[in-house]
Amino acid sequence: MKLSLIVPVYNTRAYLEKCMESLLNQTWTDLEILCVNDGSTDDSGEILDKFARRDSRVQVISQENRGLSAARNAGLRRATGEYVCFVDSDDVLELDACRRLALEILGKEPDLVVFGAKTLPPEELQKDPWLKWTLSPRDEMLREGDLRRLMQAPGAWPFVWRDCVRRELLLRENLWFDESVRYGEDTVFQLCLLPACRRVSFISDRLYIYRKDRPGSLMERLKAGREKRAEMHLPLVEKTAAYWRKKGWMDSWGDVFLGWSLEFAAYDVYRAEKERRGEYARRLMRLWADAGLEGQPMTACARSYYLLVESCTGK
């Protein structure tokens with residue numbers, strides 16, 4: 001069984017060799033490694049070419065700089081493996097990761113495998129309780145009727161680099177990364193993927209090593225403006241809602257979407273710049289109304305968030 005590893009690359013020369021060595025040295029060898037050079041201006045392209053000459057499993061796809069979503073899509077279009085994994089070029093895979101995933105797939109045939117991760121530096125996992133929780137899934141199999149549990153499970157929060165997805169599912173659903181989204185593309189992709197899965201296998205093995213807060217990374221730059229997170233998060237909620245409506249999922253899972261969107265965006269609305277807070281809150285409430293969610297049942301926590309958002313509108 002072949003796995004396709006998609007590696008978007010943009011100016012990561014300092015980390016790229018370690019990433020590529022971790023892929024070429026996998027104990028599961030039935031792989032294709034699709035490296036998308038997204039217009040790098042350093043010598044990342046030359047490094048990739050060196051690895052392609054060394055191992056025929058490495059394919060280099062070069063394009064003008066179009067962003068992470070476009071790079072991942074370029075890899076998906078070229079992929080031929082039965083399952084697809086996404087690896088960021090400054091991160092590392094444990095050497096037995098692909099074998100562990102292959103055995104999970106061959107034994108259970110899930111549509112999606114979500115696995116655990118470590119961090120670089122290692123102490124970051126202990127310093128950040130939320131990150132430790134979300135990178136520490138329990139061993140369990142959830143099915144499509146378990147969407148409420150699925151959306152609340154450790155590992156459901158969107159980091160696609162710890163996903164292994166059945167490629168046929170992506171083709172059937174015509175699911176791609178939204179290239180208009182420059183931040184949070186993982187969120188839209190995964191929230192549109194999860195309801196389409198018949199079986200999702202969570203495994204606790206920490207197969208991925210995530211480099212947290214790399215100097216110059218997109219995530220690091222975004223941290224400088226926490227008060228602007230609502231401006232970045234609301235479009236993600238809106239795009240996901242539009243997809244769910246198109247698929248008819250709001251009819252069955254509207255309360256799940258409501259709970260997720262409250263947890264994801266409401267506090268950011270409350271923390272937004274004072275002069276924009278009411279505008280953002282009205283935008284969020286209008287989205288819920290348009291999706292027919294105003295009458296959905298809510299947990300006590302969700303009701304608190306909803307009241308918080310209402311307070312921002314001056315009601």
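Thresholds applied
- Residues numbered from 1 in each chain as written.
- Predicted model: local features only at pLDDT ≥ 70, side-chain atom pairs only at ≥ 80, totals over all residues.
- Heavy atoms only, no water.
- Helix = DSSP H or I, 4+ residues; strand = E, 2+ residues; numbered from the N terminus.
- Buried < 20%, exposed > 50% of the residue type's maximum accessible area, 1.4 Å probe, protein only.
- Contact = heavy atoms within 4.5 Å.
- Areas by Shrake-Rupley, 256 points an atom, 1.4 Å probe, with all protein chains shown as cover.
- Axes fitted to C-alpha atoms, helices over the stretch in contact; angles between N-to-C directions.
- Parallel < 35°, antiparallel > 145°, perpendicular 65-115°, else oblique.
- Left-handed = near helix turned anticlockwise from the far one by under 90°.
- Nonpolar A, V, L, I, M, F, W, Y, C, P; charged D, E, K, R; others polar.
- Right-handed = clockwise from strand over helix to strand, strands pointing away.
- Salt bridge = Lys/Arg side-chain N within 4 Å of Asp/Glu carboxyl O.
- Polar contact = N/O pair within 3.5 Å; in protein donor to acceptor, adjacent residues only side chain to side chain.

A. Representation of the overall build of the chain in the model. For the chain, the helix and strand inventory stands at 14 helices and nine strands. Taking all 315 residues of the chain together, the buried fraction comes to 56%. For the chain, the share of sequence-separated contacts (at least 6 apart) that also reach a separation of at least 24 residues comes to 82%. Accessible area of the chain: about 14000 Å², with a carbon and sulfur share of 48%.

B. Representation of the packing of helix α9 (residues 185-193) against helix α11 (residues 229-247) in the model. Between α9 and α11, the shortest axis-to-axis distance is 9 Å and the interhelical angle comes to 25 degrees. Taken together, α9 and α11 sit at an angle that is classed as roughly parallel. The handedness of the crossing between α9 and α11 is right-handed. For the pair α9 and α11, contact is made by T187, V188, L191 and C192 and by L236, K239, T240, Y243 and W244, respectively. Across the contact of α9 with α11, the residue classes tally to six nonpolar, two polar and one charged.

C. Seen up close, the packing of α11 against helix α12 (residues 249-271). Closest axis-to-axis distance for the α11/α12 pair is 9 Å, and the angle between their directions is 175 degrees. As judged from the angle between their axes, α11 and α12 are roughly antiparallel. Contacts between α11 and α12 involve R229, A230, H233, L234, L236, V237, T240, A241, Y243, W244, R245 and K247 from the former and W249, M250, W253, V256, F257, W260, S261, F264, A265, D268, V269 and R271 from the latter. Taken together, the residues that form the contact of α11 with α12 break down as 16 nonpolar, three polar and five charged.

D. The pairing of strand β2 (residues 31-38), seen in detail. For β2, the buried fraction is high: eight of the eight residues fall into the buried class. Neither face of β2 is exposed, since L31, I33, C35 and N37 on one face and E32, L34, V36 and D38 on the opposite face are all buried. Handedness of the β-α-β unit built from β2, helix α2 (residues 44-54) and strand β3 (residues 58-63) comes out right-handed.

E. Examining the pattern of salt bridges more closely. The tally for this structure, following the rule as stated, stands at 27 salt bridges. Between D55 and R57 there is a salt bridge; the shortest N-O distance is 2.9 Å. Residue D55 is classed as buried on the basis of its relative accessible area of 16%. One salt-bridge network, held together by shared partners, links R72, D88, E185 and D186.

F. Inspection of the environment of E124 at higher detail. Its location among the elements puts E124 in helix α5 (residues 124-127). Taking the C-alpha atoms as reference points, E124 and R211, separated by 87 residues in sequence, lie 9.5 Å from one another. Polar side-chain contacts of E124 include one of 3.1 Å to the side chain of K127.

G. Structural view of unusual backbone geometry. Put simply, L120 and P121 share a cis peptide bond, and its omega is -5 degrees. Summarising the element assignment, P121 is placed in the loop between β6 (112-120) and α5. Residue N11 is not a glycine yet carries a positive backbone phi of 55 degrees. When its relative accessible area of 25% is taken as the criterion, N11 is described as partly exposed.

H. Representation of the side chain of E173 within the structure. Its location among the elements puts E173 in helix α8 (residues 167-173). Once residues lying within four places of it in the same chain are set aside, the contact partners of E173 are A196, Y243 and K247.

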